[in-house]
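# Observations on the three-dimensional arrangement
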Amino acid sequence: MCRSIKTLFNFEPPATDIEVRAASLQFVRKLSGFTAPSKANEDAFNRAVDETFRVARRLVDSLTTTAHPRDRAEEAAKARARSAERFGRAPAARS
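Residues numbered from 1 in each chain as written. Predicted model: local features only at pLDDT ≥ 70, side-chain atom pairs only at ≥ 80, totals over all residues. Heavy atoms only, no water.

### Comments concerning the overall build of the protein
Tallying secondary structure elements over the protein gives 3 helices and 2 strands in all. Reading the secondary structure of the protein in the N-to-C direction produces β-α-α-β-α. Taken across its 95 residues, the protein has 19% of its residues classed as buried. Across the protein, the fraction of contacts at a sequence separation of at least 24, relative to all contacts at a separation of at least 6, is 66%. Carbon and sulfur atoms provide 55% of the accessible area of the protein, an area that totals close to 7500 Å². (Helix = DSSP H or I, 4+ residues; strand = E, 2+ residues; numbered from the N terminus. Buried < 20%, exposed > 50% of the residue type's maximum accessible area, 1.4 Å probe, protein only. Contact = heavy atoms within 4.5 Å. Areas by Shrake-Rupley, 256 points an atom, 1.4 Å probe, with all protein chains shown as cover.)

Here's what the structure looks like:
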């Protein structure tokens, strides 16, 4: 799975449209192999991002769980700890 695509379900506050669209863009980039499509493929690429966004948004909005929502700051701290363990140093904190 693409490391740039993050889990968006069951967070407080819920995933924004911007986050879902960014994940959709990364997914289409991964599938197509394009970071930026050529002019000939631009319409198809953008259409795929839009359609993926709509499906992903519908999916995230329709999922249910009995688990407590995850805290974004807590999950980010866990990710930094995993990175420090994996690479031997902590990455710079994001603001």
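### Concerning the confidence of the model for the protein
Averaged over all residues, the pLDDT of the protein equals 90, while 88% of them reach at least 70. Summarising per-element confidence for the protein, the mean pLDDT is lowest in helix H3 (residues 72-87) (89) and highest in helix H2 (residues 39-62) (97). (pLDDT = per-residue confidence, 0-100.)

### Let's talk about the nonpolar core
Ranked by size, the top nonpolar core spans 7 residues in total: Ile-5, Leu-8, Ala-15, Val-20, Ala-23, Phe-53 and Val-60. Mapped onto this core, the elements with two or more residues apiece are helix H1 (17-32) and H2. Setting aside chain neighbours within four positions, we find Phe-53 in contact with Asp-17, Val-20, Arg-21 and Ser-24. (Core = buried A, V, L, I, M, F, W, Y, C linked by side-chain atoms within 4.5 Å.)

### Looking at the environment of Asp-17
Position of Asp-17 relative to the elements: it lies in helix H1. For Asp-17, a relative accessible area of 44% translates into the label partly exposed. Considered as a pair, Asp-17 and Arg-54 are 37 residues apart in the sequence and their alpha carbons are 9.6 Å apart. In this structure, Asp-17 is in contact with Phe-53 and Arg-57, ignoring residues within four places of it in sequence. A polar side-chain atom of Asp-17 sits 2.8 Å from a polar atom in the side chain of Arg-57. (Polar contact = N/O pair within 3.5 Å; in protein donor to acceptor, adjacent residues only side chain to side chain.)

### A short note on the environment of Arg-72
Inspection of the secondary structure assignment puts Arg-72 in helix H3. On a C-alpha basis, the gap between Arg-72 and Pro-14 in space is 9.7 Å, while along the polypeptide they are 58 residues apart. Not counting residues up to four positions away in its chain, the partners in contact with Arg-72 are Phe-11, Glu-12, Pro-13, Pro-14, Ala-15 and Glu-19. Side chain to side chain, Arg-72 and Glu-19 meet in a polar contact 3.0 Å long.

### Concerning unusual backbone geometry
Omega for the peptide link from Glu-12 to Pro-13 comes to 0°, which places this bond in the cis form. Inspection of the secondary structure puts Pro-13 in the loop between strand S1 (11-12) and H1. Despite not being glycine, Asn-10 has its phi angle at roughly 70°, a positive value. Along the chain, Asn-10 turns up in the segment before S1. On the accessibility criterion, Asn-10 (17% relative accessible area) is buried.

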